[in-house]
Amino acid sequence: MKRIILTSLLMVTGLTSQAQPHEYAKSMGILISRPQVENDQKTNKTTAKWYATNMAWIKDYCEVENVATEKDILKIFPELPNLPDYGSYIPMSWRLTSENNETVLHCYFQMPADEVTDMWLASEETCIVDQETGAQYRIRRTEPDTYRKHFTLKGKTGDVVDLKVFFAPLAETTKEVRIYGLPNWGMMGGPVAPVTIRHEAFGTFEPLAFDTIPQLHKPIVHKEHMSEDKPYDKQNWNTWKVMREAHLIKPLADGTMALWLTPEATYLAIGYEQNWTTEYWGFGHDIKLLDNAGRQYKIREVQGLPLDELFFMEGNAGDYVAYVLVFDPLPLDISAITYIEPEGEPFNAWGANWSGKVIPNLSIQQLRDNQKLFDYHPRIIVK
């Protein structure tokens, strides 16, 4: 009898262990404006029509209720309450997991009303594509069953429903994927950065590790002023600092970036081609990073260089140099960022240009992989 009980307990334990999901990836997702909500005064029920669906050619429709809800959404996404204007938007968050030998995409949706009409989840276009092998994991089914249908979602205002999409299990070698065919969650392949997959190691989650602080050469001040011993004046280049000893790297495409994540700060190295022996540069305090949830990470400094001042860098025409910008720390679970450099004010100099730039959807994984491109490479002179 004891043996039978023990065997039964082992079976139950095995099933419980199998049911525990492993998290491949997650994202706060895109923010979508809340739809207009109407209140029925007789029933005191609220309704809203979801406006972001564009599948008018598909006529199949159904109603779903008693949908699974996620009670621990703030444990999964603790940053949710801190989102700017969170009340005006609905975060279309998601989580990709491995459960019971299937890949499950949890699509979370906070109910803006008790009933939401014209919702859309997935169809035959929905798939996951391995970015290294090209293997396509086509959709198996959805839960609840809304496959290729518009649907009315019934629940309770404020609840976070958990709409699930099922796929075949990902290969153990999968590193990055793109997800297609879920327009309401902003997953339609590019240009959004690929999703980085985290695998289990010996029955536990593979930890996301921080980097160590990059040890790139910091430029030094050669002269406090180009030629006039006066306070800095943006309109007088003779008062600008002259710097030397920039960190040298192998030739690479102008503007190539690498990223180091540490608990205290984020380090972004940018590679530039030096076109002149003495060339001017400038970095402003309003440079920032932006993640896909709209959170901003402000610049703190540029290592060894002045901030909010134009300056000269002495070197050789043909040098490739790297400058390191230091920002507020990024969370480890961010998959992509946007680099924003606002346009600077006009100034007097030959070829004066402090133009702005916005570089969206920079893959965190790729930026971290680029660290090796920024190893110091001494100048080689052949005469």
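Note: the structure precedes this text.
Residues numbered from 1 in each chain as written. Predicted model: local features only at pLDDT ≥ 70, side-chain atom pairs only at ≥ 80, totals over all residues. Heavy atoms only, no water.

Undergrad: Sorry, what's going on with the sheet that holds strand 3 (residues 45-49) here?
TA: Consider a sheet: its strands pair through backbone hydrogen bonds, and that pairing is either parallel or antiparallel. Within the open sheet, the five strands sit side by side as 2-3-7-11-4. Their pairing is mixed. For this open sheet the edge positions go to strand 2 (37-40) and strand 4 (61-64), each flanked by a neighbour on one side alone. Pairs of neighbouring strands in the sheet enclose a mean axial angle of 25°, with direction left out of account. As paired elements, strand 7 (residues 115-120) and strand 11 (residues 150-154) share four bridges and run antiparallel to each other. Paired with Glu-115 across the strands is Lys-154, a residue of strand 11. (Pairing = 2+ DSSP bridges. Helix = DSSP H or I, 4+ residues; strand = E, 2+ residues; numbered from the N terminus. Axes fitted to C-alpha atoms, helices over the stretch in contact; angles between N-to-C directions.)

Undergrad: Quick question: what am I supposed to make of the side chain of Gln-110 here?
TA: Residue position: Gln-110 is located in strand 6 (residues 102-110). Overall, the relative accessible area of 16% leaves Gln-110 in the buried class. (Buried < 20%, exposed > 50% of the residue type's maximum accessible area, 1.4 Å probe, protein only.)

Undergrad: I'm lost on the sheet that holds strand 18 (residues 241-244) in this one. Help?
TA: A sheet is described by the order of its strands in space; here four strands give the open sequence 17-18-25-22, paired in mixed fashion. Of all strands in the sheet, those with a lone pairing partner are strand 17 (220-223) and strand 22 (278-282), marking the two edges. The average undirected angle you get between the axes of adjacent strands in this sheet is 40°.

Undergrad: Quick question: what am I supposed to make of the packing of aromatic side chains here?
TA: For any pair of aromatic rings, geometry is given as the distance between the ring centres together with the angle between the planes. Overall, the coordinates contain ten aromatic pairs when judged by the stated rule. Ring geometry for Trp-240 and Phe-312: centres 5.2 Å apart, planes at 35°, overall tilted. Taken together, the positions of Trp-240 in the loop between strand 17 and strand 18 and Phe-312 in strand 25 (residues 310-314) put the pair 72 residues apart, joining distant regions of the chain. Pair check on accessibility: Trp-240 and Phe-312 agree, each one buried. When the centroid spacing of 6.5 Å and the interplanar angle of 70° are considered together, the rings of Phe-311 and Tyr-323 count as edge-to-face. Residue Phe-311 is located in strand 25, and its partner Tyr-323 is located in strand 26 (residues 320-327); the two are separated by twelve residues in the primary sequence. Given a relative accessible area of 1%, Tyr-323 falls into the buried group. (Phe/Tyr/Trp six-rings, centres within 6.5 Å; stacked < 30°, edge-to-face > 60°.)

Structural measurements only, silent on function.
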